[in-house]
Amino acid sequence: MSVNGNQRVDLEVVANLIPPQSRVLDVGSGDGSLLELLQDTKQVDGRGLELSQRGVNECVARGLSVIQGDADKDLEFYPDKGFDFVVLSQTLQATRNPKLVLDELLRIGNRAIVSFPNFGHWRVRLSLFVKGRMPVTADLPYSWYDTPNIHFCTIRDFVNLCEELGATVEKATALDAAGQKIGLSMPWWFWNFFGQQAVFLLKR
Amino acid sequence: MAALRAGKTNNEADQPSSPVLRFGPDKPLKLDAGTLLSPFQIAYQTYGTLNDARSNAILVCHALTGDQHVANTNPVTGKPGWWEVLIGPGKIIDTNRFFVICSNVIGGCLGSTGPASTNPATGKPYGLDLPIITIRDMVRAQQMLIDHFGIEQLFCVLGGSMGGMQVLEWASSYPERVFSALPIATGARHSSQNIAFHEVGRQAVMADPDWHGGKYFEHGKRPEKGLAVARMAAHITYLSEAALHRKFGRNLQDRDHLTFGFDADFQIESYLRHQGMTFVDRFDANSYLYMTRSMDYFDLAADHGGRLADAFAGTRTRFCLVSFTSDWLFPTEESRSIVHALNAAGASVSFVEIETDRGHDAFLLDEPELFAAINGFIGSAARARGLTS
């Protein structure tokens, strides 16, 4: 599911975390942009799971291995450690049960890569604080009543969930509004405030 | 077919108007029923050229009442091949690029050994003396045909409905010989509802007084009425309510009022009667019994201890499954359960569900999304196989 409206600045960050020839499952593969990038630049053995039939058909027509399915329901059919990497890119917030989905990702992949829009970003906070309205930003272009996003979290929330699931954060990157990485030396509160998107590499 | 009607025998069964491969007593076909079929023959068609590496061969598996004439004019009906819309020079399955093979399945009536073929032991048609043929038997015979061409690994095996069952059986029985597999509008087993419809068809055939316990050729007859009824019932399952309604509704046929009788007042009646009549011209009644039985017996999970995933354990074949939203013979759920099993087996699999109201038969029609999926899948498999266009 392509939940995001603008350019996917996180895709390259995700791709850089994946070594060539890995076995990758992309959960929520959308139109297949990430899989195609990984296939073309990293020669990965890539598979996709995508909710929308339109997205799936587009992916298959592009020569990608993608099946129609729901991250909330269908991950149970994948074997333990069947992939080197399982990617959940800009999809976590649209799942019904993010905790269960994350748990499944850590079971299916040796590593899980999760990217999501940070609801702790200052613009979001400002919008709610000043205007008293749910934020509509370039990153989160939907109105509250027609958004596919039902479980927003902040970077800090996500880190807490990882702890709860016994997942180790191997790498974490926050991207600012311009898609630039925020320096690793910065403290969590800074990331949580200025990071518009976050990319996590997890293992259990 | 004129020959079928006039001679009351089926000339195509023994001497087909297509190439035929004959296996003598030294090469019997081992049947699931526990017996050997020997001698036996397979009729087939090929299109395109096998490359030097023998790596560009595509096996097309036909459905229940299909045949080997997939991309050439059918010698019996005079109509285009049943998948000519898909296969040919410059088409989605480009015969300038690929070597396409399609065989008439064992149990059929267009040149592969079936109930209409002459039983060498008696000099008469086999009739019901032919052992029951399973999907696996058909595939075993196809495999002997592929051996004959010296092809170690098929680039792709594809087919719809019963053809899709053969694709699944191929991928399960001979995984190392199938580089990619494309089962369309099919299932890993025949549901009880499907078996029920087939039983209606078989009972219709066997209730026809001209059936003569299956020995109708010897009586110079053919159970045409029974077979036509069987086809009419089956044909309904190939369509969808929406498609039927759009096409026919309750429209009357060549009249503006009801006759208050049992003529074909409605267009749908007249359409089904036509379907039934044209079918008996080209198909053998006993063969219909055998073909339907082969589908009924198919249960790939049962063949592997009840776990479908075990049918594909360790497979390296690339799969793409296709289903249609309005197919009630093989609904999407059937494909989805195969996809789940393939995932559990760690297989490479794509799955496309195509939105259409044309029902099960959509796989035989000009469906742009189907063609886009096949094109994308075959193209990417060809790149992976190192086949350049």
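Quick caveat, the model's predicted, so the values are computed rather than measured.

Digging into the overall build of chain B
Now for step 1: The secondary structure content of chain B amounts to 11 helices and 12 strands.
Now for step 2: Relative to the globule expectation of 21 Å for 389 residues, the C-alpha radius of gyration of chain B, 21 Å, shows essentially globular dimensions.
Now for step 3: Here the contacts in chain B between residues at least 6 apart in sequence split such that 72% fall between residues at least 24 apart.
Now for step 4: Accessible surface, chain B as shown: approximately 15,300 Å² in total, 52% of it carbon and sulfur.
Now for step 5: Averaging the positions of the 34 positive and the 41 negative side-chain charges in chain B gives two centres separated by 3 Å.

Details of the environment of B:Ile58
Residue and element names in this part refer to chain B.
Now for step 1: Among the structural elements, Ile 58 can be located in strand 5 (residues 57–61).
Now for step 2: The class of Ile 58 is buried, set by a relative accessible area of 0%.
Now for step 3: When the C-alpha atoms of Ile 58 and Val 100 are compared, they prove to be 4.8 Å apart, with 42 residues separating the residues in sequence.
Now for step 4: With residues up to four places along the chain from it excluded, the contact list for Ile 58 reads Ile 93, Phe 98, Phe 99, Val 100, Ile 101, Phe 155, Cys 156, Leu 158 and Ile 378.

A few points about the environment of A:Thr91
Now for step 1: Within the secondary structure layout, A:Thr91 lies in the loop between strand 4 (83–89) and helix 5 (98–108).
Now for step 2: Each C-alpha atom, one on A:Thr91 and one on A:Pro117, is 9.3 Å from the other, the two residues being 26 residues apart in sequence.

Some points on the layout of surface pockets
Now for step 1: Taken as a whole, the second largest pocket encloses approximately 490 Å³ of empty space.
Now for step 2: Along the wall of the second largest pocket there are 20 residues; nearest its centre are A:Asp45, B:Phe179, B:Arg316, B:Arg318 and B:Ala384.
Now for step 3: Elements that contribute at least two residues to the lining of the second largest pocket include exactly strand 2 (45–50) of chain A together with strand 10 (178–184) and helix 11 (368–385) of chain B.

Describing the UniProt feature "active site" (unreviewed entry) in chain B
All names here are of chain B.
Now for step 1: Annotation from UniProt places "active site" (unreviewed entry) at Ser 161, Asp 327 and His 360. Sequence-wise these annotated residues cover 200 residues; spatially they are packed, their C-alpha atoms never more than 10.6 Å apart.
Now for step 2: Assignment of secondary structure puts Ser 161 in the loop between strand 9 (154–160) and helix 4 (162–173).
Now for step 3: You can call Ser 161 buried: its relative accessible area is 6%.
Now for step 4: Those residues in contact with Ser 161 that sit more than four places away from it in its chain are Ala 63, Ile 184, Ala 185, Thr 186, Met 295, Phe 330, His 360 and Phe 363.
Now for step 5: Mapping His 360 onto the fold places it in the loop between strand 12 (348–354) and helix 11.
Now for step 6: Apart from residues no more than four positions distant in its own chain, His 360 is found in contact with Ser 161, Ala 185, Thr 237, Tyr 238, Phe 324, Ser 326, Asp 327, Leu 329 and Phe 330.

Remarks on the UniProt feature "binding site: substrate" (unreviewed entry) in chain B
Residues and elements named next belong to chain B.
Now for step 1: According to UniProt, the "binding site: substrate" (unreviewed entry) feature falls on Arg 231 and Asp 361. In terms of the greatest pairwise C-alpha distance, the residues named above, spread along 131 residues, form a tight cluster of at most 13.9 Å across.
Now for step 2: Sequence-distant contacts of Arg 231, that is, excluding residues within four places in its chain, are made with Thr 65, Tyr 238, Gln 275, Gly 276, Phe 279 and Arg 282.
Now for step 3: Reaching out from Arg 231, the side chain makes a polar contact with the side chain of Thr 65 at a distance of 3.3 Å.
Now for step 4: Along the chain, Asp 361 falls in the loop between strand 12 and helix 11.

Some thoughts on the domain arrangement of chain B
Residue and element names in this part refer to chain B.
Now for step 1: Examined at the domain level, chain B breaks down into domain 1 (20–189 + 300–385) and domain 2 (195–292).
Now for step 2: Placing the centre of domain 1 and that of domain 2 at their C-alpha centroids yields a distance of 26 Å.
Now for step 3: When the buried area of domain 1 at its contact with domain 2 is split by residue, Leu 64, Thr 65 and Trp 328 rank highest and sum to 27% of it.
Now for step 4: At the boundary of domain 1 and domain 2, one finds 1 salt bridge.
Now for step 5: With a closest N to O distance of 2.7 Å, Asp 357 and Arg 246 form a salt bridge.

Section: the packing of aromatic side chains
Residue and element names in this part refer to chain B.
Now for step 1: One pass over the full model with this rule turns up 26 aromatic pairs over all chains.
Now for step 2: Aromatic pair Phe 312 and Phe 319: ring centres 5.6 Å apart, planes at 75°, arrangement edge-to-face.
Now for step 3: For Phe 312, a relative accessible area of 1% corresponds to the buried category.
Now for step 4: On the basis of relative accessibility, which here comes to 1%, the residue Phe 319 falls in the buried class.
Now for step 5: Cation over ring: Arg 231 sits above Phe 279, and NZ or CZ is 4.4 Å from the ring centre.

What counts, and at which threshold
- Residues numbered from 1 in each chain as written.
- Chains lettered and ligands numbered in written order.
- Predicted model: local features only at pLDDT ≥ 70, side-chain atom pairs only at ≥ 80, totals over all residues.
- Heavy atoms only, no water.
- Helix = DSSP H or I, 4+ residues; strand = E, 2+ residues; numbered from the N terminus.
- Rg over C-alpha atoms; globule rule 2.2 N^0.38 Å.
- Contact = heavy atoms within 4.5 Å.
- Areas by Shrake-Rupley, 256 points an atom, 1.4 Å probe, with all protein chains shown as cover.
- Lys, Arg positive; Asp, Glu negative; His and termini not counted.
- Charge placed at Lys NZ, Arg CZ, Asp CG, Glu CD.
- Buried < 20%, exposed > 50% of the residue type's maximum accessible area, 1.4 Å probe, protein only.
- 1 Å grid on protein atoms, 1.4 Å probe; cavity = no way out; pocket = protein on both sides within 12 Å on 5 of 7 lines; lining within 4 Å.
- Points joined across faces, edges and corners; volume = space filled by probe spheres on them.
- UniProt positions renumbered as here; feature names shortened; annotations may be inferred.
- Polar contact = N/O pair within 3.5 Å; in protein donor to acceptor, adjacent residues only side chain to side chain.
- Domains from an automatic or database assignment.
- Buried area = accessible area lost by both parts, 1.4 Å probe.
- Salt bridge = Lys/Arg side-chain N within 4 Å of Asp/Glu carboxyl O.
- Phe/Tyr/Trp six-rings, centres within 6.5 Å; stacked < 30°, edge-to-face > 60°.
- Lys NZ or Arg CZ within 6 Å of the ring centre and 35° of its normal.

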